[in-house]
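Next come the chains, spelled out residue by residue.
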Amino acid sequence: MSRYPFRATEEKWQRIWDERRSFEVTVDPAKPKYYVLEMFPYPSGRIHMGHVRNYTMGDVVARAKRAQGFNVLHPMGWDAFGLPAENAAMQKRVHPGVWTYANIAEMRSQFQQMGLALDWSREFATCDVDYYRHEQAMFLDMLERGLVYRKESWVNWDPVDQTVLANEQVIDGKGWRSGAEVERRKLNQWFFKITAFADELLGAIDKLERWPDKVRLMQTNWLGRSEGALVRFPLAGRAGSLEVFTTRPDTLWGASFMAIAPDHPLAQELARENPELAGFIDTCLKLGTSEEALERAEKLGFDTGLCCRHPLGATEDLPVYVANFVLMGYGTGAIFGCPAHDQRDLEFARKYDRPVVPVVLPADADPAAFRIDDEAYVGDGVIFNSGFLDGLDVPAAKARIIDHLEAEELGTRQVTWRLRDWGVSRQRYWGCPIPVIYAEDGEIVPVPKDELPVRLPDDVDFTSPGNPLDRHPAWKHVTLPDGRKGVRETDTFDTFVESSWYFARFCSADYDDGPFDRAAVDYWLPVDQYIGGVEHAVLHLLYSRFFTRAMSACGHLDLDEPFAGLFTQGMVTHQTYRAPDGQWLQPDEVKKVGDGWTTLDGREVVPGRVEKMSKSKRNTVDPTTIIEAYGADTARLFMLSDSPPERDLEWTDEGIVGAWRYLNRLWRLVEERRADLPAGGKGGETPTGEAAVGLRRLVHRSIAAVTTEIERLHFNKAVALVRELSNAIEAFSPTTAEDRAVLREAIETLVQLIGPMLPHLAEELWQRLGHRTLLADTAWPVADPAWLTADNVTLALQVNGKRRGEIMVPAGSDEAHVREQALADAAVIRAMAGKPPRRVIVVPDRIVNVVV
RNA sequence: GCCCCUGUGGCGGAAUUGGUAGACGCGGCAGACUCAAAAUCUGUUGCUGGCAACAGCGUGCUGGUUCGAGUCCGGCCAGGGGCACCA
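As the structure is a computational prediction, the values presented were derived from the model and not from experiment.

Caption draft 1: View of the overall build of chain A. Looking only at helices and strands, chain A has 24 helices and 35 strands in total. Taking the principal axes of the C-alpha coordinates as reference, chain A spans close to 105 × 85 × 65 Å. Put simply, chain A has 852 residues, and 54% of those count as buried. Sequence-distant contacts in chain A: of pairs separated by 6 or more residues, those separated by 24 or more amount to 71%. In the structure as shown, chain A presents an accessible area of about 38,300 Å², 49% of it carried by carbon and sulfur atoms.

Here it is as structure tokens:
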């Protein structure tokens, strides 16, 4: 028997789908739509296994939904702006655009080899001027509506990339891409007013029912809403006051000091006349660039000599410290310290010898004896030592004190967010130009819409660091319509801007008169199933949710949430290997010897952990190599097998070989039996033979179960179910015409069920079974409920909860009958050891438990 | 430090609302085919004892609820992730 000729088969069907434009779609209000989208790739040069896994999952959903009668939109494009292109330009002396489009061509052909059911007619790259021109227009719309503004702010400056990083892009004090130590600089920046939607973005999380709980939680924490009060503490002996935000106004009577951030205006002012303080502030700010250092640093304060009066006059005056643990970027940059009920404040108070007065009494504690040692009490309890709040519980005390503060004009109720506005200016060439001109007199002039797009100039030089747009001799200098001279904004957008609306552009990718055709987005959006890596759980998804609202506010859309369903898949991992000198070794440089590994020429290899495939650890496996050796279907099957899709998948050579073996089994299964099958149409008659009835039941159970598991994206279970069905088909030997009809139904169903996962093989087998129409155009099988239930069921028999035997009874047998049979069972009688049954529990069609 | 998730054979993992733990696959073992190998096929495979029938033990540890717990509850341990001086 021949092996499955995967290469010719895959080429053949890819050509046929392409010629027939099988997966190109148009708006069709008569059909239900389904929009499947995988997070679009950055064109880095070659696809990696993570892409294979991501796009395979989406493809299974797309093909299954298509077979189920949906009008399926499944597009592909490129997230094509970004720093790697500029790095390549500097290293290889190639223009970022040339490099990017060459990468796209390479990756497109790799994706095409995978046999994905994509509508390639909608393909675009975000660096296409026909894409980013619309982004510029929308920026102007948002500017007009006050959703964009400019402010000077401290930024994280990446000295290697010569660019600003968002706070979110700074990881452990280092740039998330370059890894360079981040510095602080003050620059004028463009910001999107994402905080204007904070309430809405938080409230809508509840409605994202088809999102993983984990992602919803991460977004909730990122937004970081906290309720509390703004309280004014008058300064003693000088004018002015300190404003403090607190979530614990109920502990106000426990205050024993004040602390302000090193970059608080008051601290800065005092530092001008106090070199010692200035030095302390310097130390704090230096520490502030590295979060790791901050964490390890002990809590330090500098006594300014100033004091605040307690706003309720409850205690002595409170000394004001500058403290390294207070953040200017959150709340007001000032706090009151209540050591008894905040661990951080307690540590500070112990160090600087401030009083620790408990004001919340835990239940059952004795007010006279209650003391705080080295652990602050943060739990619930009854307020004491607190004047008119005494006796209230914590929530009641919060409400009461805020009412009081507001009545006395000492403070106000306040909600504070962790979320900050989205700074989008980047000092880079390879991004979307921000369409603004600075006139010579300082006025900021938006580029008129009819002068869009502001194109990136092609003649740029990358021989020195920094932004080539900034030192371009001609591009940046313009004359305004009124004759004034001006310079263009030389910053470009953060590339998260492009990925915040690409899903909408796919709905009408060629549309010229705006970002998208309204009818098309109204039909296709929201995305029904979005699939991508969990690393985008916060930023990309939050920005897209904001952008969708902002686009709606500008009248482009009528939609809040872009992604109705979200799935975050796990990474593809692989064992790592190192030489004794610590050098990473590639998987193809080592071989297994007994329980360990050696290099090919027999030298020692130290096996490392299983980690995400990455170039730096040299543990990658190239998808193209695999596709050439085993075909796309084998690679796809492996990506879907065994591991639950949300978890990491460990690449193993045994696994890919196992998948290849299964393809050949399917091939032989059909090739060996198809000559004996009756022609056309599925057997309509009811089979009578025991084996045939059993197979027919399994076929219908398999249809129901596989359909459900694909719907739930449990692809590993769908694969297991399909294998179970093919095992049963292999074991089935037809002897009658009736048997052969059942066998044909079983084989055809099997081919249909594997269709979304192994599209090329399935299409080929479908044709070989005599079909003239494409499997891709064939409706999904439907399970007949009549065949989903069995006549007989096996009941487990337990004595005192321990399984002792089993009996076969007709399904739905009545309890008395089952009970009688169970008590008559030899194994049960033996286990009862002569004792009388005290109780018999019968769970219909499941289990009998005899208690003695 | 806070929050969340995950712990099941040699391995990846199955197991509806609490109801036969280990589906499906990988690997192993034995056998068939072959001059031989590869490929393929058949059988077997949680652990311990036993020739066997069978018995005992088994879902990180520990206690509980229940006729019955991988599943529910309490405490602990380990691994992973998120957030972080967030007031």
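Caption draft 2: Expanded view of the packing of helix 17 (residues 632-640) against helix 18 (residues 653-673). Contact geometry for helix 17 and helix 18: axes closest at 8 Å, N-to-C directions at 120 degrees. With respect to helix 18, the element helix 17 is oriented oblique. In the packing of helix 17 onto helix 18, the handedness of the crossing is right-handed. Where helix 17 approaches helix 18, its residues Asp 633, Thr 634, Ala 635, Leu 637 and Phe 638 are matched on the opposing element by Gly 655, Ile 656, Ala 659, Trp 660, Tyr 662 and Leu 663. Of the residues that constitute the contact of helix 17 with helix 18, the class distribution is eight nonpolar, two polar and one charged.

Caption draft 3: Just the protein's contact with RNA strand B, in detail. Lining the immediate environment of RNA strand B, one finds 51 residues, of which Thr 247, Tyr 330, Arg 344, Arg 418 and Asn 849 sit closest. Taking all atoms of RNA strand B within 4 Å of the protein, the share assigned to sugar and phosphate is 64%. Thr 246 places a polar side-chain atom, nitrogen or oxygen, 3.2 Å from a sugar or linking oxygen of RNA strand B. For RNA strand B, a sugar or linking oxygen lies 3.3 Å from a polar atom in the side chain of Glu 724. Of the residues forming the surface near RNA strand B, the biggest block, six residues, is contributed by helix 20 (residues 715-731). Classifying every residue of the surface near RNA strand B by side-chain character gives 18 nonpolar, ten polar and 23 charged.

Caption draft 4: Representation of the sheet that holds strand 20 (residues 444-446). Strands sit in the order 20-19-22-21 across an open sheet of four strands; the sheet is antiparallel. Of all the strands in the sheet, the pair left with one neighbour each is strand 20 and strand 21 (477-479). Neighbouring strand axes in the sheet, compared pairwise and without regard to direction, differ in orientation by 40 degrees on average. Bridge analysis of strand 19 (residues 436-439) against strand 20 gives three bridges, and the strand direction is antiparallel. Residue pairing for strand 20: Ile 437 is matched across the bridge by Val 445.

Caption draft 5: Geometry of the environment of Gly 97. Turning to its location among the elements, Gly 97 is positioned in helix 4 (residues 96-113). A C-alpha to C-alpha distance of 9.2 Å links Gly 97 and Glu 86, two positions eleven residues apart in sequence.

Caption draft 6: Structural detail: the sheet that holds strand 16 (residues 411-416). Reading across the sheet, the three strands line up as 9-8-16 and stay open at both edges, with antiparallel pairing between neighbours. The sheet is open, and its two borders are formed by strand 9 (241-246) and strand 16, each paired with just one other strand. Strand-to-strand twist in this sheet, taken as the mean axis angle between neighbours without regard to direction, amounts to 30 degrees. Here helix 12 (residues 394-407) sits on the sheet in contact with strand 8 (226-234) and strand 16, set at roughly 125 degrees to strand 16.

Caption draft 7: The arrangement of the packing of helix 17 against helix 22 (residues 759-768) in detail. The N-to-C vectors of helix 17 and helix 22 enclose an angle of 120 degrees; their axes lie 7 Å apart at closest approach. Taken together, the axes of helix 17 and helix 22 lie oblique to each other. Only Pro 759, His 760 and Leu 761 of helix 22 make contact with helix 17, whose side of the interface consists of Ala 632, Asp 633 and Arg 636. Grouping the amino acids of the contact of helix 17 with helix 22 by side-chain chemistry returns three nonpolar, one polar and two charged.

Caption draft 8: Just helix 1 (residues 6-19), in detail. Taking 1.5 Å as the rise per residue, helix 1 with 14 residues should run 20 Å; its terminal C-alpha atoms sit 20 Å apart, in good agreement. Buried within helix 1 we find Phe 6, Thr 9, Glu 10, Trp 13, Ile 16 and Trp 17. The buried side chains of helix 1 occupy one side of the element, clustering within an arc of 135 degrees when seen end-on. Along helix 1, exposed side chains directed more than 90 degrees from the buried face belong to Ala 8, Glu 11, Asp 18 and Glu 19. Looking at the buried positions of helix 1, the neighbouring elements they touch are helix 2 (49-67), helix 16 (623-630), helix 17, helix 18 and helix 22. At the exit of helix 1 stands Arg 21, carrying a positive phi of roughly 50 degrees.

Caption draft 9: Layout of the side chain of Asn 71. Of note, Asn 71 is situated in strand 2 (residues 71-73). Here Asn 71 falls in the buried class, since its relative accessible area comes to 6%. If near-sequence neighbours (up to four positions away) are discounted, Asn 71 is found in contact with Val 25, Thr 26, Val 27, Asp 28, Lys 31, Pro 32, Lys 33, Tyr 34, Tyr 523 and Trp 524.

Caption draft 10: Highlighting the packing of aromatic side chains. One pass over the full model with this rule turns up 44 aromatic pairs. When the centroid spacing of 4.7 Å and the interplanar angle of 35 degrees are considered together, the rings of Phe 124 and Phe 506 count as tilted. You can see Phe 124 sitting in the loop between helix 4 and helix 5 (129-144) and its partner Phe 506 sitting in the loop between helix 13 (502-505) and helix 14 (518-524), a full 382 residues away along the chain. Neither Phe 124 nor Phe 506 differs from the other in exposure class; each is buried. Centre to centre, the rings of Phe 139 and Phe 192 are 6.4 Å apart; their planes meet at 75 degrees, and the pair counts as edge-to-face. Placement of the pair is Phe 139 in helix 5 and Phe 192 in strand 7 (residues 183-192), with a sequence separation of 53 residues. Using a relative accessible area of 2% as the deciding quantity, one classes Phe 139 as buried. Residue classification places Phe 192 among the buried positions, given a relative accessible area of 1%. Grouped by ring-pair contacts, the aromatic residues Phe 139, Trp 190, Phe 192, Phe 197, Trp 422, Phe 493, Phe 496, Tyr 543, Phe 546 and Phe 547 constitute a single cluster. For Arg 418, the ring lying beneath its charged end belongs to Trp 222, and the centroid distance is 4.3 Å. Of note, Arg 696 hangs over the ring of Trp 787, and the distance from its end group to the ring centre comes to 5.1 Å.

Caption draft 11: The arrangement of the pattern of salt bridges in detail. By the definition in use, this model includes 40 salt bridges. Among the ionic pairs, Asp 494 bridges to Arg 426, the shortest N-O distance being 3.1 Å. Of this pair, Asp 494 sits in the loop between strand 23 (492-493) and helix 13 while Arg 426 sits in strand 18 (residues 425-426), and the two are 68 residues apart along the sequence. We note that Asp 494, like Arg 426, is buried. Here Arg 803 makes a salt bridge to Glu 806, at a shortest N to O gap of 2.9 Å. The exposure class of Arg 803 is exposed, given its relative accessible area of 54%. On the basis of relative accessible area, Glu 806 is assigned to the partly exposed category, the value being 46%.

Caption draft 12: Main features of the environment of Ser 508. Note that Ser 508 resides in the loop between helix 13 and helix 14. By relative accessible area, which is 11% here, Ser 508 ends up buried. Along the primary structure Ser 508 and Thr 26 are separated by 482 residues, whereas in three dimensions their C-alpha atoms are 9.3 Å apart. With near-sequence residues (within four places) excluded, Ser 508 lies in contact with Arg 122, Phe 516, Asp 517 and Ala 520. Engagement of the side chain of Ser 508 in a polar contact is seen with the backbone nitrogen of Asp 517, the distance being 2.8 Å.

So, how was this worked out
- Residues numbered from 1 in each chain as written.
- Chains lettered and ligands numbered in written order.
- Predicted model: local features only at pLDDT ≥ 70, side-chain atom pairs only at ≥ 80, totals over all residues.
- Heavy atoms only, no water.
- Helix = DSSP H or I, 4+ residues; strand = E, 2+ residues; numbered from the N terminus.
- Buried < 20%, exposed > 50% of the residue type's maximum accessible area, 1.4 Å probe, protein only.
- Contact = heavy atoms within 4.5 Å.
- Areas by Shrake-Rupley, 256 points an atom, 1.4 Å probe, with all protein chains shown as cover.
- Axes fitted to C-alpha atoms, helices over the stretch in contact; angles between N-to-C directions.
- Parallel < 35°, antiparallel > 145°, perpendicular 65-115°, else oblique.
- Left-handed = near helix turned anticlockwise from the far one by under 90°.
- Nonpolar A, V, L, I, M, F, W, Y, C, P; charged D, E, K, R; others polar.
- Near = heavy atom within 4 Å.
- Polar contact = N/O pair within 3.5 Å; in protein donor to acceptor, adjacent residues only side chain to side chain.
- Pairing = 2+ DSSP bridges.
- Expected span 1.5 Å × (residues − 1).
- Arc of directions from axis to C-beta.
- Phe/Tyr/Trp six-rings, centres within 6.5 Å; stacked < 30°, edge-to-face > 60°.
- Lys NZ or Arg CZ within 6 Å of the ring centre and 35° of its normal.
- Salt bridge = Lys/Arg side-chain N within 4 Å of Asp/Glu carboxyl O.

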